[in-house]
Each structure stands twice: as structure tokens, then as C-alpha cells.
Amino acid sequence: MAEQETSGLQVLLSTLQSSSDRETILNILQVLTELLSVGTDRRIHYMISKGGSEALLQTLVDSARTASPDYNILLPLLRLLVKVGQRDKKFGQKALELEALDVTLILARKNLSHKQTLIHCLWVLQVFASRVTIAAMLGINGAMELLFKVITPYSRKHTRIIRAAMEVLAVLLKSKSNSRRAVNRGYLNGLLRLHQDWQSHDTSNDFIQLRRSLLLCLKHITNIQSGRDAFLGAQGMEILFATTQNYLGNQSMDPIISIVIQILRKCYPKCSLPLATASSYYFFSVPGDISSGPPCTINEDDFEEDAEEEEDKDSDSEETKEEDDDLETDLKKLTSKPLVHWTEEELNQYEAMCLELSYNFQELESKSGEEMSSEEDLGIHQCTYFCHIPIQTSSKRHCQERDRRPQELETSGINSQDPPLKQIKIMNSTGNLSYEETPGKLGSCLSSNNQEEDYSRREAPNTHASFIEPPWGAEMYSCPNKNAFLSSSIMIDETSETVSKFLERHPMDIPFHNPYIYIAKAEGTKSVPGFKVLAFPDVWGHHSPPFAQSLLERKCGIQRAKIVEDVQRFIQPDKVIGRVVFSLDEPWFLECTDASECLRFFSGFESGNLRKAIQVRQFEYDLLINADVNCAQHQQWFYFKVSGMKAAMPYRFNVINCEKVNSQFNYGMQPTMYSVKEALQGRPHWVRVGYDICYYKNNYRQNSAAAGAPGKCHYTLTFSITFPHNEDVCYLAYHYPYTYTALMAHLDLLEKSVNHKKIYFHHQVLCKTLGGNPCPLVTITAMPKSNSSDHVQQLRQRPYHVIVARVHPGESNSSWVMKGTLEFLISRDPIAELLRENFIFKIIPMLNPDGVINGNHRCSLRGEDLNRQWLSPSAQHQPTIYHTKGLLHYLNNIGRTPVVFCDFHGHSQKKNVFFYGCSIKETLWQAGCPVDPSIVSEDVGYRTLPKILDKVAPAFAISSCSFLVEKSRASTARVVVWREIGVLRSYTMESSYCGCNQGPYKDLQLGTRELEEMGATFCLGLFLLQLKSLTCSSEFMAKASALLDSREDIQHQLQRSSSGSSIDVELDDEPPCMEEIDYSTDCSSDQETDVYELDQQIQEMTLAEARGDGEEKNGVDNRSLSSPEFYVSKHLTNKYRTSP
């Protein structure tokens, strides 16, 4: 049967080419039309494979070259050519070889006055021109000149013909040679005049698609530099800006507005950032590093106007690439274990970091309880505010319940002696989320000062020989209302007496936080600028707010509105203030600024990052953040103080030198804010704030010499804030800050809080960083039940878990997760006790202290990503990585290879919490490589822990996990520990900066409470992992089973369905933005016409012919709306279209 169909189609096509009989040709065309008008495109592709395109094109050439062409044959033939040609990728080339291009152009020229034939020729020309090379050929042969004879100023007649001609012209102009020809012949000015004419006369918006096609012509011309220059010279920016103002809020005008916005942004003149240098303001001289040098100066000649969009190669976390080229397919590299280059002597130095294996536990008998006597004084209360695991989960909650303020929340009593996993977060009977705040006993031991000094005259002593003194003072203004609230920052050398007197009036209770200890620890923190000021939130402390915050709903049209406001700066520069109000490079601005007319900014404290602030309008500021020290890149993290605000006034902030190509700020994420007045009123919370938030490419380009990427784009993060109080002092940050000093103070408090007779908590120094700061190493396990040899030996035989975090300084969420892990592990929770009794935890909570201290986002003081240095780290240049790897090698060398290695990270472009792991088979399968089971055998146990967490951790999503090994990640901790140390369960755990799109926390942003909870739940995952392990002892099994039997909350979580159980393939992180904007100058990537668009137009024309109505009634453009590219809301479509 198939052979008969094949032979029948071939006979038809052969007859079509050879026959000269009119009736035979018409019959064949009718049969082909009916054959291809039903079913799917599969029939068309089948016809193409049998030479259908060539047959039709040859028939066209033969029919058109007769003395008197028969248009009864040509019209259905042209319609078939359009239908087939759109599906044939080589159609244009075939037409060129068969001379059909010239024939079609000649037909069009001959029929300028015959509209029906002309429109058919235009449709075919549009299909021919869909290939850029053919479009260039048509341009050479005078196609554009022909089209400008058809395109006319506004008219309600022949609009279908005019629209078809404009669409052909738009396709032709995708060819850069045609665009250059259009510029040289002055067509751009004519197109602008046509745009003004049609826009001004089409007041009822009947011809939206016609006007859109006209704008597409301008868009393609401006893809080349000469086109942009001509567009600017013809006042194109002003024309489009003026003609679009009234349409920004009209959704029915999206087809026009989206193109206008692209043109405006593309033609906005590119410029360098308003900075003195592209490199970081701070410079650190690395001992023994001859490559260190001063910051380079920005040179305008380094900018490339025609630079294309480039990939975000330095993603802040381990992105799985769409291309499989990055996958490691070399089986030898995947399976072989590299040789260890550490000598026995080098490894033995790490014996001092495993004192639990040699500690003389007989000393326990001599210890007294005196060491614990200070706990009450410190206000430390064991197990009253630890991280927690929800006792129930719910997949649905209403938005109004998520945003309820503390006084609206339902609460239920809890027992202060309950285990941490049962405390704090409680699901009430309706499944709604509620929070309990456990009262504490901290007392009035906090410290601060009651007035703000002008610290600009004070000298900051040099804390390290290689550190550079900042050229500005530590604080620049005084708090206006000294008696009302605490000043916003504290000098490290302030006397505790002055501080205490004021804070006695404002007692606070923040668990595991003590301002005295924080200030004491800050004295030992060494920074490149020599910070001598402490930020108020860091000293006073943060308490998780008792309410969850929803993802911010994106306001329709907000991105376009902000872009148009930016364009207005170029068009109306007289309305831009342009006053520098803060600058590290120009400190004199701080002294001459009239504080009454603008906000005041400051970032001279630990983890602070703000380089410059420029007042653009009365309530709008452009902000520039500092690059990482000794670097010219990685501008993402910001943390600064702002004061002098007016309440209830909307302030807009634009961070204009971001580098990421996209951000979760486009999908519901908000920055964080800490208000001093709110804190003094008993609400010391970092909270998510801001509205009208969006993230988009701007007109600034990066210096090529500094970044190594000519013309690299910058992006703007814009957000608006209405401050709650007049003359408040507020801190704004990219995410919840967590400083190095906070970590050191926290570890000190944890160590003082534990019962050392039961818990082995040892805090020691792994090594010193380049900046001279100690990198902490914490060991946690249970003390032996007695000093008997059996009990001591049981301790020394416990397997290890190794957990590290904060290798990337800007990923502060990883520190909050680590905080939850640490607090849970020392708690009295039975699960924590069982974990301590069966495991030794080696924890390095901050691998990059210098980066955290100096406000970096990604790098160390050498300007390098430490998570790309694991293959061959240097003790001199990457000491924290070198010694962490050495410790792991030592454990492996003595037969104590860790069961789990996990590196906590933060992720800026995906939601939820998820794992990256390592699998040989999954990598080979993904790359399409054959996997021989006899050669490649793999323990699938690497999936057990993420599967467990997917059931017990509300924020975790196994559907987002990946276990692929990429070449570009070969030097990361996860891959190196897996390959070299042989840790099967070597993971990176990524926590979103934003929030969740699945599970109980769906549509909620992650706060510090949820992050700490994730850290505690990670420990629960380790507990359940051991329970499922083949090496699980009978004693552990018995205790764990009894414990789980009494914990209905955990049983409930284990029984719930996995978030990824119904998802076999990892889903895209985000749906397309409702107003996705492509700023690329690559015209070949445009998808502006749907393959069915011409089909629909032909169908409409055929129906009109059948009615005897070849032209549209009342002049209304009967435009096709089938393509999503030509979206117009249905009710507006019905309004603006007349019935045929």
C-alpha cells in the first residue's frame, strides 16, 4: 500500500513537470492542495522528500515564462509553494538553482496593479528570503526597491498588500548586507516617517500587525552599527519614545511595544561605567605573587559596540549546561583514581586536627562543672531555640495566610524541653504555617553607644602589614535623634560601659548571640580596608521574623516601564541630577554633599559592599558595587547602610553593574533590609523588601583589558522601597548577611553552651588565610560513656562526615544553613545525640573568610574562585583549600574515608534546595555514550541521601538535582573529593537565594528560619541514611527504630510522596518571563513569524475570494492571530476586528 502511494505521488509530480495541458496541471494542483490541506505537516515533509519542492518550482518557472502566463494556474501554484516552502529548509537554495527567484520578482513587477497576484508573489518572496543568503541575493536583484513601490503612507485601502510587503522587507533586512544597503540609500529615514504616519493615523489600532512589521524593519536595520548611528542621527530614539508613551500599560499593544523597547535599548549609546577603575577599589598585595598589580584604568577604546551576548561562564553555582559537550565522557578519567602527591610526612601534620583519635579521655575525671557556670551569665539556654524540622507538611496554603504578621498568627503552646525537631515551627490543624517564638533569658548584656560620632577624623590602625589604609573615615555623619534610638554603627574600640548603659533600656533576646562577644571577636578580624566600624545589625543581631514571606508577584510591564525611564535619561538629560553622594574613589563627595537633599550611604564595615551612589532624580539613585578584591568582576553581593530617608516616600535604587545574564529578582526574589528603629522597637529582623523589582541588560559595557571579555554587558537590578520610618537608619543587602565575626562569635557561644562531659566540641584553627584570619575547624561527636578502653575505642572507630561551606563569600545563605547544622548537632534532640554517638563530624563552616570579610562575592584575596582550585591547591596561595584537601587525604590514608562530604552553596538562578553529585553512568547516559555493565559498575547509593531529603526537607527538590560530571567542574570540591578521595556521596548542596516552587514552601521566599531548618534537616537525612545503610549496627538500628516509633512527625514525612516522584526529567527552572526581552544583535536568532502565519493569511484570502471579496472590508487589517508572537487579548481582538 505504501509503495502504491509512493508511486502515485511520484507520478503526480512527474506529470506536473512534464505536462503542458492546462486541465491536467490544474487537476494535479487541486489534488495536491487537498492532500496537503488536511492532516499534519508529515505529509508535506514526505512530499518534500520525494522532490515536491523542485517539481513545484519548475512548474512555476515554466508557467511564468510562457508568452501569456495563466494566472489560474499560477495562483494555486504560488499558494502551494508557500505551504511547502516554509517546511523545506533548502527551499531558497532550490529556488535559486532553478531560477525561480528572478521569475517571482519579474511576476511581482508585472503585477503591481494586480493586487491578488502581487500578494501571492510577496508571500513566496517572504518564504524565499527566510534564508539570509537568499535574502541578500534578492536585495542585490532589487527586491527592496520593488517593495517600496508597494509600501505607502497610511491608507485604509490595500492594507493586506501593504502588510505583506512590509513583512517581506522585514525578512530581507535580516541580511546585514541588505541593512547596509538600506542605510546607504536612506531607507531608514523613510521607515521612520512611515512609522510616524501610521501611528498617528491608526488611532483605533486596527493595524497593529502592519505597524509591527514596520518596526521589525527598523529593528533589523539597527542590528548593525551604521544602522544604529543613522537611527540616532534621524532622531529615532526621540520618535519611538514619544510614540510609545501612551501604550505602555495597554496589553493589546504588546506586539508593538516589545519591538520598540528592543530598538530603544539596542540603540541607547554604549558607555563605560562611571568608575575611576574597572578593578576593585581595594588592592591586596599577595606575598610571593608577582602577578599582583594596581587596578587598571577604564579606557573608552576598549569597548566593542557590536559585541554579542555571551554566556554567564562564572555562574555562582554548578549549572547543568544545555549542551552535552561539557560532560566528561573519558571513561579513564571517570573511573581512575589520581595518584596522591602527599608524602607521609605531609599527611601526618593533620594528625593534630584529629585529636579525638588520640585524646586522653582520662582527663575527663578532673574536669569540674565550673566551666559551665558562665552559661547563665551569657544567656545561653540549651535547646530552647534550635533549628527544627516541621512535624507536618502541607502542599497548599493561601497567600493571605503566608503574609500574616506576627500578631495575626495562630500559636500553640510548646514545651521548652521538647527536642529541637519539634520546636519553633508547628503546623496547625488546618495545615497552615505558624511560628512560635520561645522566650529566652538573655538579659541586658547587649552593648552599643548612644550617639554617633564623626569618625572621618579618626585614624584606623593598620591591622596587617600588607593591608592598605582606606582614604576615608569610618563613619561620616551623626544620628539625628540621639535620644530616640541607637546609632547605626559601633566603633570597635568603644567602651563597653557606654554601650551597656544605652542597651539596658533596650533588652534583647536573640539565641546564641551576644554583642559583647561579637565586639570582642571583631577586634581580631583583619580586613584589607582596615574596617573599624561594626554594622548595627551584626552587633545587635537578627531574629527570624515569625512570618513567612511570599514570592513577589511580578507586575506586568514593570521591566518596560523601567527601561523607558532609562531611555528618558538619554533623551532628556536636563532632568537628570547626576550628583555623586557616596564614592570610595572620591571621598570628598561625602564631605560636601548637602545631607538634607539626599540619602546618605555608607559601607565601611565587615562584608559591606557599595562603591558609589549617584542621585539621578530626587528619589532615585544609581548604585555601583565593588568588584572582588584584586579582581574586575563578580559584582553581585551588596550590603550597605542608608539613612536620611523620608517615610512613605518611594525610593528607587538601581544597581547598574551586575554581571549575571538573569536573576531570580525577575521571578519573585526581593533584597533584604534591616531597620534600626524597628530593631529598637523589638523587631530585630532582616526582612525581604522592595517592589517594582526587575533585572535587565543596560547600556554599560565592561572594559576588555580588565575582564578579558571585550564589550561584556552589565545588567541593572532595580527595586523600589518605601521606608517605614522618618530619619531611620536602614541596611540593605543582596541576601541575609552572615559575617566572619558572626561565625567566630557563634562558635564561641556554642562551645561555651555544650556540656563537655557529654559532647566533644573542639574548635581549632585549620590554617591562617592570606589576610591573616584563622579558618575555623570544628569537630563534634559524643564523649565516650566512660574512660574505659572499650568506650574510648568505640569513639575512635566512629565513621566521619565532613561538611564545609561558604567557599563563595556572597553565598551567605550557605552560612545560615551551616548555622542550623551546628546548632542541631550540639542539641539535646535524641536524633542529634544518636548521631554524635555514632559519627564524628568535621566541619569547616567558612572556607573563604577573607572574601566574606571584605565584601567579595566569589573570590579570595588573589581574585580567584577557590572552588576551582581543588585539583592542585597551593599552601601559600589557597591555604584553606590546601589544608582541607590535606585533611581529607589524611582521613583516607588512615582508613577513615568520610561517609558523606557535603559543600554548602547558594544558587542565584534556581529555586529550592538541591544536590549536585557524581555518577559515571548518568554522565555517560546523558552524553549518549554506550555503557557496558561489565566495564562500568557503580553503587547507586549516591542517590539515597537526596531521596531521603526530598521526603523530609520541605525546601528540597530532587527534581532539581543533577549527578553529572562536567569537564568544567573537574577542579571543584565535589568532583575532586569523589575522584581523588573516593567519597561516593560527595555533594554540593545548593540553597536558593530566592525561594521554592514546590512542596510545603511553594511560592514562599526562603528566610533564615527555613535555611537553618534545612541545616537541621540535613542532619536528619544523615541519620536516616545510616538507618538504610548495610553497615548499620544492630544497636543503632534498635535505638533508631525506637526513636522513630515515638516520632510521628518524621514518620509522616517519610510516608509523603517525593516531590520528584512524578518527574523523570529535570524541569526548566523558570517559565518564560511574561515579557521576555531579547537584546541580542544576532538577527538570525529572531523567531518573528510562525510557520502557520502565512498559511492562515492564505486561508483568509481564499475565503475572501470565495465570497467575491478580494480586499478587506472597511479597510480593517484582517490579521492572523494564530501565532503567539502576535498576541492580542481576545476581547480586544474582537473589538478591533470587523466580522467578514
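Refer to the preceding data block for the structure.
The rules we used
- Residues numbered from 1 in each chain as written.
- Predicted model: local features only at pLDDT ≥ 70, side-chain atom pairs only at ≥ 80, totals over all residues.
- Heavy atoms only, no water.
- Helix = DSSP H or I, 4+ residues; strand = E, 2+ residues; numbered from the N terminus.
- Buried < 20%, exposed > 50% of the residue type's maximum accessible area, 1.4 Å probe, protein only.
- Contact = heavy atoms within 4.5 Å.
- Patch = residues over 30% accessible without salt bridge, like charges linked within 9 Å, V, L, I, M, F, W, Y side chains within 5 Å.
- Areas by Shrake-Rupley, 256 points an atom, 1.4 Å probe, with all protein chains shown as cover.
- Salt bridge = Lys/Arg side-chain N within 4 Å of Asp/Glu carboxyl O.
- Axes fitted to C-alpha atoms, helices over the stretch in contact; angles between N-to-C directions.
- Parallel < 35°, antiparallel > 145°, perpendicular 65-115°, else oblique.
- Nonpolar A, V, L, I, M, F, W, Y, C, P; charged D, E, K, R; others polar.
- Phe/Tyr/Trp six-rings, centres within 6.5 Å; stacked < 30°, edge-to-face > 60°.
- Arc of directions from axis to C-beta.
- Disulfide = S-S within 2.5 Å.
- Pairing = 2+ DSSP bridges.
- Lys, Arg positive; Asp, Glu negative; His and termini not counted.
- Polar contact = N/O pair within 3.5 Å; in protein donor to acceptor, adjacent residues only side chain to side chain.

*Asks:* What should I look at first to understand the overall build of the protein in this one?
*Replies:* Helix and strand content of the protein: 42 helices and 22 strands. The buried share among the 1140 residues of the protein stands at 61%. Relative to all contacts within the protein whose residues are 6 or more apart in sequence, the contacts with residues 24 or more apart total 80%.

*Asks:* Looking at this model, I keep getting lost on a nonpolar patch on the surface. Mind explaining?
*Replies:* Side chains of L96, M137 and I140 sit close together on the surface and give an oily, nonpolar patch of about 240 Å² of accessible area. Tracing the backbone shows L96 in helix α6 (residues 91–97). Look at L96 and you get partly exposed, because its relative accessible area is 30%.

*Asks:* I would appreciate a short explanation of the packing of helix α15 (residues 225–233) against helix α17 (residues 254–267) in the present structure.
*Replies:* When two helices pack together, their arrangement is given by the angle between the helix axes and the distance between those axes. Where α15 meets α17, the closest approach of the two axes is 10 Å, and the angle between their N-to-C directions is 100°. The angle between α15 and α17 falls in the class roughly perpendicular. In this structure, α15 contributes R228, F231 and L232 to the contact, and α17 contributes I263, K266 and C267. Grouping the constituent residues of the contact of α15 with α17 by class yields 4 nonpolar, no polar and 2 charged.

*Asks:* I'm lost on the packing of aromatic side chains in this one. Help?
*Replies:* Here a ring pair, both rings aromatic, is described through the centre-centre distance and the interplanar angle of the planes. A full pass over the atoms with the stated rule returns 42 aromatic pairs. Each ring, one from F653 and one from F719, has its centre 5.7 Å from the other, and the planes form 35°; the classification is tilted. Separated by 66 residues along the polypeptide, F653 in strand β10 (residues 650–658) and F719 in strand β14 (residues 713–722) bring together distant segments of the chain. Residue F653 shares its accessibility class with F719, and that shared class is buried.

*Asks:* Sorry if this is basic, but what is going on with α15 here?
*Replies:* An α-helical turn contains 3.6 residues, so any two residues separated by three or four positions project in the same direction. Buried within α15 we find G227, R228 and F231. Seen along its axis, α15 keeps its buried residues to an arc of 100°; they face one direction. Against the buried residues of α15 lie α12 (176–184), α13 (187–201), α14 (208–221), α16 (236–244) and α17. Following α15 by one or two positions, Q235 has its phi on the positive side, about 60°.

*Asks:* Quick question: what am I supposed to make of the state of the cysteines here?
*Replies:* A covalent bond between the sulfur atoms of two cysteines is referred to as a disulfide. Under the definition given, this model contains 0 disulfides. In this model C859 remains outside any disulfide bridge; the closest cysteine sulfur is found in C631, 4.6 Å from its own. A residue is classified by how much of its surface remains accessible, and C859, at 1% relative accessible area, is buried. We note that C996 lacks a disulfide partner, and the nearest cysteine sulfur, in C994, lies 8.7 Å from it. Take C996: its relative accessible area is 0%, and that puts it in the buried class.

*Asks:* Looking at this structure, how should I read the sheet that holds strand β19 (residues 840–844)?
*Replies:* Taken together, 7 strands build an open sheet; the order of strands is β16-β17-β19-β18-β20-β22-β21 and the sheet is mixed. Both edges of this open sheet fall to β16 (759–768) and β21 (913–916), since each of them pairs with a single strand only. If you compare each strand with its neighbour and ignore which way they point, the axes differ by 20° on average. Here strand β18 (residues 800–805) pairs with β19 via 5 bridges, running parallel. Residue V802 lies in a different strand from β19, and its bridge partner there is K842. Against the sheet, helix α34 (residues 879–893) touches β16, β17 (774–782), β18, β19 and β20 (900–907), its axis set at about 130° to β16. Strands β20, β21 and β22 (985–992) of the sheet are contacted by helix α37 (residues 973–981), whose axis makes an angle of about 170° with β22.

*Asks:* In this structure, what is going on with the sheet that holds strand β12 (residues 686–688)? I would like to understand it.
*Replies:* Whenever strands of a sheet pair, they do so through backbone hydrogen bonds, lying parallel or antiparallel. As summarised here, the arrangement of the 5 strands in space is β6-β9-β15-β11-β12, forming an open sheet in which the pairing is antiparallel. Only two strands of the sheet have a single neighbouring strand rather than two, namely β6 (600–602) and β12. Strand after strand, the sheet turns through a mean of 30° between neighbouring axes, direction not considered.

*Asks:* Can you help me understand the environment of F570 in this one?
*Replies:* Inspection of the secondary structure assignment puts F570 in helix α25 (residues 558–571). Residue class for F570 comes out partly exposed when judged on its relative accessible area of 31%. C-alpha of F570 to C-alpha of Y268: the two residues are 302 residues apart in sequence and 7.7 Å apart in space.

*Asks:* Please clarify how the side chain of R896 should be interpreted in this entry.
*Replies:* Mapped onto the fold, R896 is located in the loop between α34 and β20. The buried charged residue R896 lacks any salt bridge, with E356 as its nearest oppositely charged partner at 7.4 Å. Of note is the side chain of R896, whose polar atom sits 2.3 Å from the backbone oxygen of R798. Residues in contact with R896, not counting those within four places in the same chain, are L357, R796, Q797, R798, P799, Y800 and L891.

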